[in-house]
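Summary of structural features
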Amino acid sequence: MNLAIRDVRHNLGRFGLTALGIGLLLMIVMGMGGIYQGIVEDATLLVDELDADLWLVQAETRGPFAEVSRLAPTLEDRALAVPGVVSARRFATHTIQREHGGRQMRLVVVGLAWPQDRGEWLPLASGRRLAQARFEFVADESLGLSVGEKLRLGRDVYTVTGVTRHMIGTGGDGLAFFTVRDAQTIQFELSPEAIRFERESRRARAQDLDLGLTQPALLERAGRPVETLPAIGPAMVSAVLVDLGPGADGDAVRATFEGWPDVSTYTSDEQRSLLLEGPVDRARRQIGLFRALLVLISALVMALILYTLTLDKLHDIAMLKLIGARDRVILGLVLQEAFLLGAIGYVIAYVVGMQVYPFFPRRVIITNEMLIWLAGAVAVLCLIGSILGIWKAMRVQPNEVLS
Amino acid sequence: MNAPSDHPAIETRGLTKIYGSGNTEVRALRDVTFTLNRGEVVALLGPSGSGKSTLLGIVGLINAPTRGEVMLDGTPVYRDARALVDVRRYRRERIGFVFQKSNLIPFLSARENVQVALEIAGASGRNARRRSMELLETLGLSDRAHHLPRALSGGQQQRVAIARALANRPSLMLADEPTAALDSERGRQVMGLFRDLGHQQGAGVLVVTHDHRALDVFDRVLEMEDGLLRDATVSDLTAGATNVGGSQPGEA
Ligand SMILES: Nc1ncnc2c1ncn2[C@@H]1O[C@H](COP(=O)(O)OP(=O)(O)OP(=O)(O)O)[C@@H](O)[C@H]1O
Ligand SMILES: [Mg+2]
């Protein structure tokens, strides 16, 4: 006969409510872990998916995810010329915030090297990949855009060809994949009014120059789109991604790049850890702190509840001792209730969590390791939480039944 | 076994119990020496506060005496305040208790309250269930077996407690006013059960009672007054009861 289950059944309402409370606390603990995992995965998503052997970024910078990195796009051709390199892709990224459909929309513009990279690796939920060099993009579903929808950015209108799922940047904003050229245009191109102003000022600057006066064609060229202006130079890219051929000596290739004064070189793993130590680090520590506090609170709440559950039964425990119950019967009663509370709380946390996590503003990823970790943590919490109650139960004397 | 044997179930020597100290000191037992044989069914009378429950608590291995010796079945169990045996095991295996209050476990049904005593003493679940149902039937409670204590009347609760005390066929039964909450019919039946436990199963039975009408079931009557114990004869007391009626002395 299991005494713990019978006591729980007798106090079902109170026990159930307590389990629910513990469950919700655990759900948040679990969710915190999931948010952290989500932040890590979102942050490293691009680095992982782009899967380059080496990242060439602006010299002395930590790469486009950590800070502004600008490189001349010609670096692509220089990199290709290095022995052992089989491909070099331009890569551009920057975050913009524009108004669309009456609301502010933040999107991370990612430029893919057209035509080598058409986004074959993108996990599409619907639609298709990029099929033309310009004016198309693949957007993440978190941006709220649907296939076929048109978005005006600067002077041009871009059409959504596909929608991805869970492609989020380090800041939690949805990713939008364009060709590098479009990405550059979006970055450097402005609205028609701004362009007209810019053109006028360019023309004014050109007119002030001897060159402008002697070369009227230059004045005309000043009115063209930025990325075609020879005088201004080609728009910059954020990084060049290099892939090595089979059998290539990675260290040697890297040494070559490191000899170049205008670039810094990182492997994907290095980019990854730079991300985790950089933009993600503070969020991670914040979440870790919250999680630790919540675990502590859960422990206190559980200890308090288990203690009062035991106090309520003290007379019965004394009676059990009086009729000769061994200590392990008493210990079993207290501990089993603790573990039952923990187990029910855990299940509630899981079930409720799975229902509500999708509504969290950031992605929540619950891994198996995390579930196992939490189960272990709950078991430890139950044990620690019971200590006070067990201490009380062990001390009660059978003669207290008589008083 | 019909007559009390000479084999002592309880022997005490110079039993003294002092509660508290200084101004609040209470001498609940003073130098109590007595023997209760197996198969003997003995009543313990005495005014309120005279030390009856205290004596029961000590020979039932719930409380240690301040001074004196207790032997159960010939084995020394207390020497002064020191326990010489595993008292919990003795209680589990040899002693049945019934208290003034029923002290049932509130989250267990009537049957489970009996069963738990059996399981604590090592009975298997099935046997324990069967025996607890039999006991409840004997006490007229088979239709209340699955009720929680709070759904039972005071008398019914007390009968469950009696079933629990009988469950392990104890060699020593200690009962503190077991029939107070029962009507005279039931009271008589319960006393009969105790007598059978003594006379047929050879247990020592010590029952605190105020009910002078039921004294004829006892082999012997002990009387306590202010911590002192003396033998009284059954006929004296039954005669006294008819004369004095319900005016048994109150506070000592
Ligand atoms: N735990 C205790 N602490 C202090 N004094 C106690 C304690 N238990 C009993 N006493 C005192 O010891 C004396 C004997 O008490 P006891 O309970 O043995 O009397 P009793 O004969 O059973 O009385 P009643 O018929 O009312 O149940 C009383 O004066 C009582 O106040
Ligand atoms: Mg008493």
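Everything here concerns the structure above.
All of the points below concern the structure found in this document. What you are looking at is a predicted structure, and each value in this text was computed from that prediction instead of being measured.

Calculation rules
- Residues numbered from 1 in each chain as written.
- Chains lettered and ligands numbered in written order.
- Predicted model: local features only at pLDDT ≥ 70, side-chain atom pairs only at ≥ 80, totals over all residues.
- Heavy atoms only, no water.
- Helix = DSSP H or I, 4+ residues; strand = E, 2+ residues; numbered from the N terminus.
- Rg over C-alpha atoms; globule rule 2.2 N^0.38 Å.
- Buried < 20%, exposed > 50% of the residue type's maximum accessible area, 1.4 Å probe, protein only.
- Areas by Shrake-Rupley, 256 points an atom, 1.4 Å probe, with all protein chains shown as cover.
- Contact = heavy atoms within 4.5 Å.
- Buried area = accessible area lost by both parts, 1.4 Å probe.
- Salt bridge = Lys/Arg side-chain N within 4 Å of Asp/Glu carboxyl O.
- Polar contact = N/O pair within 3.5 Å; in protein donor to acceptor, adjacent residues only side chain to side chain.
- 1 Å grid on protein atoms, 1.4 Å probe; cavity = no way out; pocket = protein on both sides within 12 Å on 5 of 7 lines; lining within 4 Å.
- Points joined across faces, edges and corners; volume = space filled by probe spheres on them.
- Near = heavy atom within 4 Å.
- Sits in = over half its atoms within 2 Å of the grid points.
- Nonpolar A, V, L, I, M, F, W, Y, C, P; charged D, E, K, R; others polar.
- Pairing = 2+ DSSP bridges.
- Axes fitted to C-alpha atoms, helices over the stretch in contact; angles between N-to-C directions.
- Patch = residues over 30% accessible without salt bridge, like charges linked within 9 Å, V, L, I, M, F, W, Y side chains within 5 Å.

**Describing the overall build of chain A**
Of the regular secondary structure elements, chain A holds 13 helices and ten strands. Relative to its length of 403 residues, chain A is extended, with a C-alpha radius of gyration of 31 Å against a globular reference of 22 Å. Taken across its 403 residues, chain A has 49% of its residues classed as buried. When the accessible area of chain A is evaluated, it comes to approximately 19000 Å², of which 59% is carbon and sulfur surface.

**Looking at the interface of chain B and chain A**
The partner chain A presents 23 residues to the 23 residues of chain B that form the contact. When the buried surface of chain B facing chain A is broken down by residue, R88(B), F107(B) and I120(B) rank first, second and third, together holding 31% of it. Note that R6(A) and E112(B) form a salt bridge whose closest N and O atoms lie 2.6 Å from each other. Joining chain B to chain A, the criterion identifies ten residue pairs in polar contact (both at pLDDT 80 or more). Mapped by element, the contributors of at least two residues to the side of chain B that touches chain A are α2 (87–94) and α3 (110–120) of chain B. Tallying contributions element by element places α3(B) first for the side of chain B that touches chain A, with six residues.

**Remarks on the layout of surface pockets**
Residues and elements named next belong to chain B. Roughly 570 Å³ of internal volume is contained in the largest pocket. Taken together, 32 residues make up the lining of the largest pocket; nearest its centre are K52, S53, T54, Q100 and D176. Mapped by element, the contributors of at least two residues to the lining of the largest pocket are β2 (26–37), α1 (52–59), β7 (95–98) and β8 (172–176).

**Details of the site of ligand 1**
All names here are of chain B. Taken together, the neighbourhood of ligand 1 is formed by 13 residues, with S48, G49, K52, S53 and T54 sitting nearest. Within the backbone of G49, a nitrogen or oxygen atom sits 2.8 Å from an oxygen atom of ligand 1. Within the side chain of T54, one N or O atom sits 2.5 Å away from an oxygen atom of ligand 1. Assessed atom by atom at 2 Å from the grid points, ligand 1 resides in the largest pocket. When residues of the shell around ligand 1 are traced back to their parent elements, those giving at least two are β2 and α1. When its residues are assigned to classes, the shell around ligand 1 shows four nonpolar, seven polar and two charged.

**Details of the sheet that holds strand β9 (residues 204–208) of chain B**
Residue and element names in this part refer to chain B. Ordered in space as β7-β8-β9-β3-β10-β11, the six strands form an open sheet in which the pairing is mixed. Because the sheet does not close on itself, it has two edges, and the strands there are β7 and β11 (228–232). The sheet shows a mean angle of 20° between the axes of neighbouring strands, taken without regard to direction. Here β7 runs beside β8; their pairing, made up of four bridges, is parallel. Paired with V98 across the strands is A175, a residue of β8. Against the sheet, α1 makes contact with β3 (41–45), β7, β8, β9 and β10 (220–225), and its axis sits at roughly 155° relative to β8, the strand it touches most. Helix α6 (residues 184–199) rests against β3, β7, β8 and β9 of the sheet, and its axis sits at about 150° to β9.

**Quick notes on a nonpolar patch on the surface**
A cluster of nonpolar side chains, namely L289(A), F290(A), L293(A), L296(A), I297(A), L300(A) and V301(A), defines an oily patch on the protein surface of about 640 Å² accessible area. When you line up the elements, F290(A) lands in helix α10 (residues 281–312).

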